[in-house]
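# A structural walkthrough
For reference, the chains in residue letters:
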Amino acid sequence: MADPLLDRDAATAALARVSAAAGPYLDSLAARPVHDPAAAKLLAGLAGPLPEHGDGTAAAVERLLEIGTATATASSGPRFFHFVTGGTTPAALAADWTAALLDQNAFARVSSPFAHEVETVVLDWLRQLFGLGAGWGGALVGSATFANFTSLGCATQWWGERQGADTVRDGLSGLPRMPVLSGGYVHASARKALQMLGHGRDTVEVFARDDVGRADLDGIEQRLAGLGGAPAVLIANAGEVNAGDFDPVDALAGLAERYGAWLHVDGAFGLFAALSPRTEHLMRGIDRAHSIAADGHKWLNVPYESGFALIREPQRLGTAFGMPGAAYLPGPQDPGGGYGLYGPESSRRARSLPIWATLAAYGRQGHRAMVERHLDLAQHLARRVDEAPELERLADVPLCIVCFRVARPGLAEADLDRWNRAVGEALIADGRVFCGTTVYGGRVALRPAIVNWRTTPADIDLFVDVVRELAARTGPDVTSP
């Protein structure tokens, strides 16, 4: 029987085996396909009935490494342009291993003074990184969705307070629907957060002045004026996912101040525009927001489950998410171990360690250099698209996303959409580079996002070459055999 107590001496050897596999895997990222369809058959080796006795640590780890290093999507490599996914910097990777080694519960000071202190420092460093005032606080959470959930949970508590109600104690029953206003860039994760908070995913009132979603400020102001002083929540979107565009944060902050509204900024990746003098104007007014959501696994290049919510009045985190009383748990004011860091989760791993390590290792200037390199790469990609006769750019490139499609003069829009969908499917199946399709302004398009610290101009050139090759293979003149 492979009892873990009897297998305890295998831990060091198993970790050494993982370390030995890490070097070749990391070295392969620059050249390996992002996805290898031929390796998919190996996945069957993970299945089968639940083991009755088990194979022991060494055999289990060996099987996981053999299958994983062959079949894992190389999303931490330089040619993964789908979604908005960064890699993991060397410092962040080592710190993530450290987090697993130390196995700390970051829930409270009493559960881990070390994890509590690292998290406290990280939240303050993030505040400084984005130029926010000394009073800001926050919470580290598992994703941008939970960062939106945390921020909008604080907004809900504020809104209930303005109604003379305690939503934390009594919920939303008997209250009117909370007005939530946004431009057309509002992300699905914000809708999901509102859904989980009990407001409903369709509570967002969208005010867009065109078919790509640019905010209609006049429409938003008219709606606010029509509320007659009742509280509302505004959502500003910093870094729209199809083209990297921004809502006018500063103007929305002005409206929030004029009408007494809560301003939440969904800055999942666009918040990092604040790091460069070339793009910081896009984030003007961010310090006038009430809450901000962002995601470290995107442009900070740390592992997944590294979202964060930043709150101008951090005491609202304790009000909205403090743990109901339980005799065995520390209380918020308990000097022996009270939890000063709040969020929707209680027990959680020390996800602050990779963030601390990458900020400590590379500092403000190192992360600024990475952001500006990606800005340059996005402009390089835009030029390559503009130079290619069968490619058509659909939007400006203010940040790190280039929205474009394959096109041909005279081809009907429906045929162009079919062609672009076929190219997107071919890219995923081919695996040399990775990028999917979206719909922008009613047109099917590609929207590669460049946020990985490993990406170079050669990776961008390969991406364009592969797109052109697959476009020729899937074009409307090609007939199936």
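Placed above this text is the structure.
Okay, so let's go over this structure. (Residues numbered from 1 in each chain as written. Predicted model: local features only at pLDDT ≥ 70, side-chain atom pairs only at ≥ 80, totals over all residues. Heavy atoms only, no water.)

### What to know about the overall build of the protein
Secondary structure summary: the protein contains 13 helices and 11 strands in total. Scaling as 2.2 N^0.38, a compact globule of 481 residues should have a C-alpha radius of gyration of about 23 Å, and the protein matches this with 24 Å. The buried share of the protein, taken over its 481 residues, is 50%. Total accessible area computed for the protein in this model is approximately 21,200 Å², and 55% of it derives from carbon and sulfur atoms. Positive and negative side-chain charges in the protein, numbering 43 and 54 respectively, have mean positions lying 2 Å apart. (Helix = DSSP H or I, 4+ residues; strand = E, 2+ residues; numbered from the N terminus. Rg over C-alpha atoms; globule rule 2.2 N^0.38 Å. Buried < 20%, exposed > 50% of the residue type's maximum accessible area, 1.4 Å probe, protein only. Areas by Shrake-Rupley, 256 points an atom, 1.4 Å probe, with all protein chains shown as cover. Lys, Arg positive; Asp, Glu negative; His and termini not counted. Charge placed at Lys NZ, Arg CZ, Asp CG, Glu CD.)

### As for the pattern of salt bridges
With the rule as written, the count across this model stands at 30 salt bridges. Salt-bridge contacts for Glu62 lead to Arg17; the nearest nitrogen and oxygen are separated by 2.7 Å. Placement of the pair is Glu62 in helix 2 (residues 57–71) and Arg17 in helix 1 (residues 11–28), with a sequence separation of 45 residues. For Arg17, a relative accessible area of 32% puts it in the partly exposed group. With its nearest N and O atoms 2.8 Å apart, the salt bridge here joins Arg278 to Asp376. One end of the pair, Arg278, is in the loop between strand 5 (262–266) and strand 6 (291–295); the other, Asp376, is in helix 11 (residues 352–387), and 98 residues separate them in sequence. Three or more residues are tied together by salt bridges with common partners; here these are Asp430, Arg432, Glu469 and Arg473. (Salt bridge = Lys/Arg side-chain N within 4 Å of Asp/Glu carboxyl O.)

### As for the packing of aromatic side chains
All told, the structure shown has 10 aromatic pairs when counted by the stated rule. The interplanar angle of 55 degrees and the centroid separation of 5.6 Å between the aromatic rings of Phe146 and Phe149 together place this pair among those described as tilted. Taken together, the residues Phe146 and Phe149, both in helix 5 (residues 144–162) and 3 residues apart, mark about one turn of the helix. When its relative accessible area of 31% is taken as the criterion, Phe146 is described as partly exposed. With centroids separated by 6.1 Å and ring planes inclined at 40 degrees, the aromatic side chains of Phe149 and Phe321 adopt a geometry described as tilted. Separated by 172 residues along the polypeptide, Phe149 in helix 5 and Phe321 in helix 10 (residues 315–321) bring together distant segments of the chain. Exposure remark for Phe321: the relative accessible area of 17% places this residue in the buried category. Members of the aromatic cluster, connected to one another through ring pairs, are Phe80, Phe83 and Phe434. (Phe/Tyr/Trp six-rings, centres within 6.5 Å; stacked < 30°, edge-to-face > 60°.)

### Focus: the environment of Glu52
In this structure, Glu52 sits in the loop between helix 1 and helix 2. Once the C-alpha coordinates of Glu52 and Ala2 are considered, the two residues, 50 residues apart in sequence, prove to be 9.8 Å apart.

### Details of the packing of helix 1 against helix 2
Two elements in contact, helix 1 and helix 2, have axes whose closest approach is 10 Å; the angle formed by their N-to-C orientations is 15 degrees. Looking at the two axes, helix 1 sits roughly parallel to helix 2. When you trace helix 1 past helix 2, the crossing you get is right-handed. Contact with helix 1, carried on its side by Ala14, Arg17, Val18, Ala21 and Tyr25, involves Thr57, Val61, Glu62, Leu65 and Thr69 of helix 2 and no other residues of that element. Looking at the contact of helix 1 with helix 2 residue by residue, the class counts come to 6 nonpolar, 2 polar and 2 charged. (Axes fitted to C-alpha atoms, helices over the stretch in contact; angles between N-to-C directions. Parallel < 35°, antiparallel > 145°, perpendicular 65-115°, else oblique. Left-handed = near helix turned anticlockwise from the far one by under 90°. Contact = heavy atoms within 4.5 Å. Nonpolar A, V, L, I, M, F, W, Y, C, P; charged D, E, K, R; others polar.)

### As for the nonpolar core
Ranked by size, the top nonpolar core spans 63 residues in total, and within it Leu126 and Phe130 carry the most contacts. If sequence neighbours within four positions are ignored, Phe130 has contacts with Leu271, Phe272, Ala274, Leu275, Ile286, Phe308 and Leu310. The next biggest cluster of nonpolar side chains, apart from the first, holds 30 residues, and it includes Phe404, Val423, Ile450 and Ala471. (Core = buried A, V, L, I, M, F, W, Y, C linked by side-chain atoms within 4.5 Å.)

### So, the pairing of strand 7 (residues 307–311)
Within strand 7, 5 of the 5 residues are buried, which leaves the element mostly enclosed by the surrounding structure. Of the two faces of strand 7, the one lined by Gly307, Ala309 and Ile311 and the one lined by Phe308 and Leu310 are each fully buried. Bridging between strand 1 (residues 137–141) and strand 7 involves 5 bridges; their strand directions are antiparallel. Each residue of the ladder has a partner; that of Gly138, found in strand 7, is Leu310. (Pairing = 2+ DSSP bridges.)

### Topic: the side chain of Thr455
Relative to the helices and strands, Thr455 resides in the loop between strand 11 (443–446) and helix 13 (457–474). Side-chain polar atoms of Thr455 contact the backbone oxygen of Pro78, separated by 2.8 Å. Contacts of Thr455, omitting those with residues within four sequence positions, involve Pro78, Phe81, Arg373, Leu377, Ile450 and Ile460. (Polar contact = N/O pair within 3.5 Å; in protein donor to acceptor, adjacent residues only side chain to side chain.)

### Considerations on a nonpolar patch on the surface
A cluster of nonpolar residues, Leu15, Leu101, Leu102 and Phe114, forms a patch on the protein surface that exposes about 400 Å² of accessible area. Examined against the element boundaries, Leu101 turns out to sit in helix 3 (residues 90–102). When its relative accessible area of 61% is taken as the criterion, Leu101 is described as exposed. (Patch = residues over 30% accessible without salt bridge, like charges linked within 9 Å, V, L, I, M, F, W, Y side chains within 5 Å.)

### Overview of the side chain of Arg79
Along the chain, the position of Arg79 falls in the loop between helix 2 and helix 3. There is a polar contact of 3.4 Å between the side chain of Arg79 and the backbone oxygen of Ala31. A polar side-chain atom of Arg79 sits 3.3 Å from the main-chain carbonyl oxygen of Arg432. The contacts of Arg79, once residues within four sequence positions are left out, are Leu29, Ala30, Ala31, Arg32, Val34, Arg432, Val433, Phe434, Asp459 and Leu462.

### Quick notes on helix 4 (residues 113–129)
For an α-helix the count is 3.6 residues per turn, leaving residues at separations of three or four pointing the same way. The terminal C-alpha atoms of helix 4 lie 24 Å apart, and with 17 residues this matches the ideal 24 Å at 1.5 Å per residue to within 8%. Every buried residue belonging to helix 4 is among Ala115, His116, Val118, Glu119, Val122, Leu123, Leu126, Arg127 and Leu129, and all of these are buried. Against the buried residues of helix 4 lie strand 1, strand 7 and helix 11. Immediately beyond the C-terminal end of helix 4, within one or two residues, lies Gly131, with a positive phi of roughly 75 degrees. (Expected span 1.5 Å × (residues − 1).)

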